[in-house]
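# Breakdown of the fold
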Amino acid sequence: MTLITPSATQGPVWTTPLTWCAIVAAATLLAVATPREPGVIGRLPGVVGQTLDNKPAAIAPGDARFLALVTFHRDQRKAADSWINGLQLHQDRSISWVRMPVLNDPGDAAQRTEFERRLLARYSSDQERQHLVPVITDRAAFVESVGLGGIGSAYVLVINRNGEVLARIAGEFDQAKAETLRDTLFMREL
């Protein structure tokens, strides 16, 4: 049996395994923390995409990107409405968009049906329902998946056809923020 001893130039025996552990840890961190595609800050869950009437959302087939106005509480409707009015979404047909209220899943079909009934009563016109895509899910999982900062604010998201979130802005309409969204929406260089 041959005993291998570290040479004087290698340093202590523990430095080599420690170095390898540090390299493996750094590589693992970079693999997990780096987004798969530049500009992607989150991803919509796969269940999103239908209105309450079980129709596809109001997104034109050729559109590469669309806006999602995400709310978590009733009092955030005002912020979503400020974006609808500020961007003139009802008049401007060049922007595909959806209103996306995110409701915490109660785990009971009867309660989910009640959520849907209340939404249908609140958004009674065909024009409103055409753009309404409610999400009944675990809010915390949604927030994490989409890459939001929490449920305390309404958000406007730019989403591509793969469900990837490319931009997000919190709060009420602001002209400067709207330009940033338009640039991302229409794929202009920022």
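Everything discussed here concerns the structure shown above.
Right, let's walk through the structure included here.

Each value, and the rule that gives it
Residues numbered from 1 in each chain as written. Predicted model: local features only at pLDDT ≥ 70, side-chain atom pairs only at ≥ 80, totals over all residues. Heavy atoms only, no water. Helix = DSSP H or I, 4+ residues; strand = E, 2+ residues; numbered from the N terminus. Buried < 20%, exposed > 50% of the residue type's maximum accessible area, 1.4 Å probe, protein only. Areas by Shrake-Rupley, 256 points an atom, 1.4 Å probe, with all protein chains shown as cover. Contact = heavy atoms within 4.5 Å. 1 Å grid on protein atoms, 1.4 Å probe; cavity = no way out; pocket = protein on both sides within 12 Å on 5 of 7 lines; lining within 4 Å. Points joined across faces, edges and corners; volume = space filled by probe spheres on them. Nonpolar A, V, L, I, M, F, W, Y, C, P; charged D, E, K, R; others polar. Lys, Arg positive; Asp, Glu negative; His and termini not counted. Salt bridge = Lys/Arg side-chain N within 4 Å of Asp/Glu carboxyl O. Polar contact = N/O pair within 3.5 Å; in protein donor to acceptor, adjacent residues only side chain to side chain. Pairing = 2+ DSSP bridges. Axes fitted to C-alpha atoms, helices over the stretch in contact; angles between N-to-C directions.

### Observations concerning the overall build of the chain
- Of regular secondary structure, the chain possesses six helices and six strands.
- In the chain, the succession of α and β elements from N to C terminus is α-β-β-α-β-α-α-β-α-β-β-α.
- For the chain, the residues scored as buried account for 36% of the 190 residues in total.
- For the chain, the exposed surface amounts to about 11600 Å²; the carbon and sulfur share of it is 55%.

### Things to note about the environment of Glu 172
- Along the chain, the position of Glu 172 falls in the loop between β6 (164–170) and α6 (175–185).
- Residue class for Glu 172 comes out partly exposed when judged on its relative accessible area of 40%.
- Excluding residues within four positions of it along the chain, Glu 172 makes contact with Lys 78, Ala 79, Ser 82 and Trp 83.

### A few points about the layout of surface pockets
- The space that makes up the largest pocket amounts to roughly 330 Å³.
- Contributing to the lining of the largest pocket are 15 residues, with Arg 74, Arg 77, Leu 103, Arg 118 and Leu 119 lying nearest its centre.
- Taken together, the residues of the lining of the largest pocket sort by class into seven nonpolar, three polar and five charged.

### A closer look at the side chain of Arg 139
- By secondary structure assignment, the location of Arg 139 is in helix α5 (residues 139–146).
- Although buried, Arg 139 forms no salt bridge, and the nearest oppositely charged side chain, Asp 138, lies 8.1 Å from it.
- At 3.1 Å, the side chain of Arg 139 forms a polar contact with the backbone oxygen of Val 102.
- The contact partners of Arg 139, leaving out residues within four places of it in the chain, are Phe 72, His 73, Val 102, Leu 103, Asn 104 and Ile 151.

### Focus on the sheet that holds strand β2 (residues 65–71)
- Spatially, the six strands line up as an open sheet ordered β1-β6-β5-β2-β3-β4, and their pairing is mixed. The open sheet is flanked by β1 (42–43) and β4 (135–137), the only strands paired with a single partner.
- Packing against the sheet, helix α3 (residues 109–122) makes contact with β3 (97–104) and β4, and its axis sits at approximately 140 degrees to β3.

### Things to note about empty space enclosed by the protein
- Considering all chains together, one arrives at one cavity of 30 Å³ or more under this definition.
- Reported here for the largest cavity is a volume of approximately 30 Å³.
- Counting residues per element, the ones that place at least two in the lining of the largest cavity are β2, α2 (77–86) and β5 (155–160).
- Looking at side-chain class alone, the lining of the largest cavity contains eight nonpolar, two polar and no charged residues.

### Focus: the pattern of salt bridges
- In the structure shown here, the tally under the stated rule is six salt bridges.
- Note that Glu 164 and Arg 43 form a salt bridge whose closest N and O atoms lie 3.0 Å from each other. Of the two residues, Glu 164 is situated in strand β6 and Arg 43 in strand β1; the sequence distance between them amounts to 121 residues.
- We classify Arg 43 as partly exposed; its relative accessible area is 39%.
- Its salt-bridge partner being Asp 105, residue Arg 112 comes within 2.8 Å of it at the nearest N-O pair.
- Overall, the relative accessible area of 27% leaves Arg 112 in the partly exposed class.
- For Asp 105, a relative accessible area of 34% translates into the label partly exposed.

By themselves, these observations are geometric and do not establish any function.
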